[in-house]
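# Summary of the model geometry
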Amino acid sequence: MITLFVIGILVFTAKLVHFALVNDMDQKDMVIDFRIFVENEKAVLEMDYQDMIIYWVYGSQEDAPAIGSDDNQDDAAYPGADVVKIVNLRGDETTIYKLADGTYMDRMERRFTYNGTDIWTDENGVEWNEAAKD
């Protein structure tokens, strides 16, 4: 198991959680501000990351519309599960998370594209498939 971040300072305000972190992978300081709000009766944490906005939502998500939209049209435009455990031919495993643009990212910040059926391809052209479920 790899620990990606170690919390250095954590500050709460009414609508903001401010983290001052040290990235374990490269030992660089990192600051992340999560905005906190409620939408559709769900508690939401939102953060800016590179050129994206990333959401964490607490609450029942069954049949719930996507945060920030009135319907779930993105599901049809971007097929595939929101979270997938994948494996490549070398036996490397990772868990990937679908982003708003339909691509995927793992916790090591590697980007993956999905072919719509059963293959995810990383930035280096390596093909990955869904890992067998336990």
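Residues numbered from 1 in each chain as written. Predicted model: local features only at pLDDT ≥ 70, side-chain atom pairs only at ≥ 80, totals over all residues. Heavy atoms only, no water.

## Focus on the overall build of the protein
Helix and strand content of the protein: 1 helix and 11 strands. Secondary structure elements of the protein, listed N to C terminal, follow the sequence β-β-β-β-β-α-β-β-β-β-β-β. Burial status across the protein gives 25% buried among its 134 residues. Taking contacts inside the protein between residues at least 6 apart in sequence as the whole, the part at least 24 apart equals 19%. (Helix = DSSP H or I, 4+ residues; strand = E, 2+ residues; numbered from the N terminus. Buried < 20%, exposed > 50% of the residue type's maximum accessible area, 1.4 Å probe, protein only. Contact = heavy atoms within 4.5 Å.)

## Points about the packing of aromatic side chains
A full pass over the atoms with the stated rule returns 4 aromatic pairs. Ring geometry for Tyr104 against Trp120: centres 6.1 Å apart, planes inclined by 90 degrees, an arrangement best described as edge-to-face. On the criterion of sequence distance, the pair formed by Tyr104 in strand β8 (residues 104-106) and Trp120 in strand β10 (residues 120-122) is long-range, its members being 16 residues apart. Take Trp120: its relative accessible area is 3%, and that puts it in the buried class. Taking 5.6 Å as the distance between ring centres and 85 degrees as the angle between the ring planes, the aromatic pair formed by Phe112 and Trp128 counts as edge-to-face. Separated by 16 residues along the polypeptide, Phe112 in strand β9 (residues 111-114) and Trp128 in strand β11 (residues 127-130) bring together distant segments of the chain. By relative accessible area, Phe112 is classed as buried at 0%. Accessibility expressed as a relative area gives 1% for Trp128, which makes it buried. (Phe/Tyr/Trp six-rings, centres within 6.5 Å; stacked < 30°, edge-to-face > 60°.)

## A few points about the pattern of salt bridges
Under the defined criterion, the tally for this structure stands at 6 salt bridges. Residues Arg110 and Asp106 are paired through a salt bridge, measuring 2.6 Å at the closest nitrogen-oxygen approach. (Salt bridge = Lys/Arg side-chain N within 4 Å of Asp/Glu carboxyl O.)

## With respect to the sheet that holds strand β7 (residues 93-98)
The 6 strands lie next to each other as β6-β7-β8-β9-β10-β11, forming a closed barrel whose pairing is antiparallel. The mean inter-strand angle of the sheet, taken between neighbouring strand axes irrespective of direction, is 40 degrees. One ladder, built from 3 bridges, connects β7 with β8; its direction is antiparallel. Within β8, the position partnered with Tyr97 by the bridge is Met105. (Pairing = 2+ DSSP bridges. Axes fitted to C-alpha atoms, helices over the stretch in contact; angles between N-to-C directions.)

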